[in-house]
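So you can see what is in the structure, the chains are spelled out below.
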Amino acid sequence: MGLHSITGEQAKHLWIAYEPVWAIGVNGIPADSGYVAERHAGIRRILCARFGEEQGSRIPILYGGSVNSQNAQELIQLPDVDGLFIGRSAWDASQFNRIIRQVMPLYMNK
């Protein structure tokens with residue numbers, strides 16, 4: 001695992017982004033929320049095991065992979081999704097703005 005040489009002090013600056021390769025690009029297939037929840041929970045368990053519960057639970061985990069205005073609201077509400085890594089949907093400023101406005105109130109209430 002790539003985290004073996006990261007110290008506890010360095011982990012304070014660590015952010016993790018998860019994006020399934022099959023969900024990337026023009027032909028990407030969006031993952032369902034159950035899949036994303038499982039993967040992020042697994043990543044969180046690894047972070048907590050590696051850096052301790054307190055520090056591991058504070059490391060942000062972002063989700064990317066065909067994030068769009070149809071799935072962003074559901075994804076941001078998942079327990080271990082701390083942010084969204086938005087690619088193609090951010091190319092259009094008005095669409096990106098719509099996603100931000102949909103997601104921010106939900107994120108702020110987590």
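Up top you'll find the structure we're talking about.
In this text the structure is predicted, and so the values were computed from the model without any measurement.

A word on unusual backbone geometry. Of note, S66 is a non-glycine position whose phi angle comes to about 60 degrees, a positive value. Inspection of the secondary structure assignment puts S66 in the loop between β2 (61–64) and α4 (72–76).

A few words now on the pattern of salt bridges. One pass over the structure, following the stated rule, counts five salt bridges. Between R44 and D80 there is a salt bridge, and its shortest N-O distance comes to 3.1 Å. In this pair, R44 sits in helix α2 (residues 33–51) while D80 sits in the loop between α4 and β3 (83–85), placing the two residues 36 residues apart along the sequence. On the accessibility criterion, R44 (9% relative accessible area) is buried.

Here the focus is the sheet that holds strand β1 (residues 16–18). An order of β1-β2-β3 is seen for the three strands of this open sheet, with the pairing classed as parallel. The two strands at the open ends of the sheet, each matched to only one other strand, are β1 and β3. Here the average twist between neighbouring strands, direction ignored, is 35 degrees. By the bridge criterion, three bridges tie β1 to β2 in an arrangement that is parallel. Bridging from a neighbouring strand, Y18 pairs with Y63 of β2.

In this fold, I86 is placed in the loop between β3 and α5 (93–108). Judged by its relative accessible area of 19%, I86 is buried. For the pair I86 and S66, spaced 20 residues apart in sequence, the C-alpha separation works out to 7.6 Å. Those residues in contact with I86 that lie beyond four places of it in its chain are V67, F96 and I99.

A word on the packing of aromatic side chains. One pass over the full model with this rule turns up two aromatic pairs. Seen in terms of ring centroids, Y18 and Y63 are 6.3 Å apart; in terms of plane orientation they differ by 40 degrees. Their pairing is tilted. You can see Y18 sitting in strand β1 and its partner Y63 sitting in strand β2, a full 45 residues away along the chain. Both residues of the pair, Y18 and Y63, belong to the buried class. Ring geometry for W22 against Y35: centres 5.3 Å apart, planes inclined by 65 degrees, an arrangement best described as edge-to-face.

It is worth spelling out the nonpolar core at this point. L47, Y63 and L84 are the most contacted members of the largest nonpolar core, which has 25 residues in total. Put simply, the parts of the chain that give this core at least two residues each are β1, α2, β2, α4 and α5. With five residues, α2 is the largest single contributor of residues to this core. Dropping the residues within four chain positions of it, Y63 is found in contact with Y18, P20, A23, A31, V36, H40, L75, V81, G83, L84 and F85.

Thresholds applied
Residues numbered from 1 in each chain as written. Predicted model: local features only at pLDDT ≥ 70, side-chain atom pairs only at ≥ 80, totals over all residues. Heavy atoms only, no water. Helix = DSSP H or I, 4+ residues; strand = E, 2+ residues; numbered from the N terminus. Salt bridge = Lys/Arg side-chain N within 4 Å of Asp/Glu carboxyl O. Buried < 20%, exposed > 50% of the residue type's maximum accessible area, 1.4 Å probe, protein only. Pairing = 2+ DSSP bridges. Axes fitted to C-alpha atoms, helices over the stretch in contact; angles between N-to-C directions. Contact = heavy atoms within 4.5 Å. Phe/Tyr/Trp six-rings, centres within 6.5 Å; stacked < 30°, edge-to-face > 60°. Core = buried A, V, L, I, M, F, W, Y, C linked by side-chain atoms within 4.5 Å.

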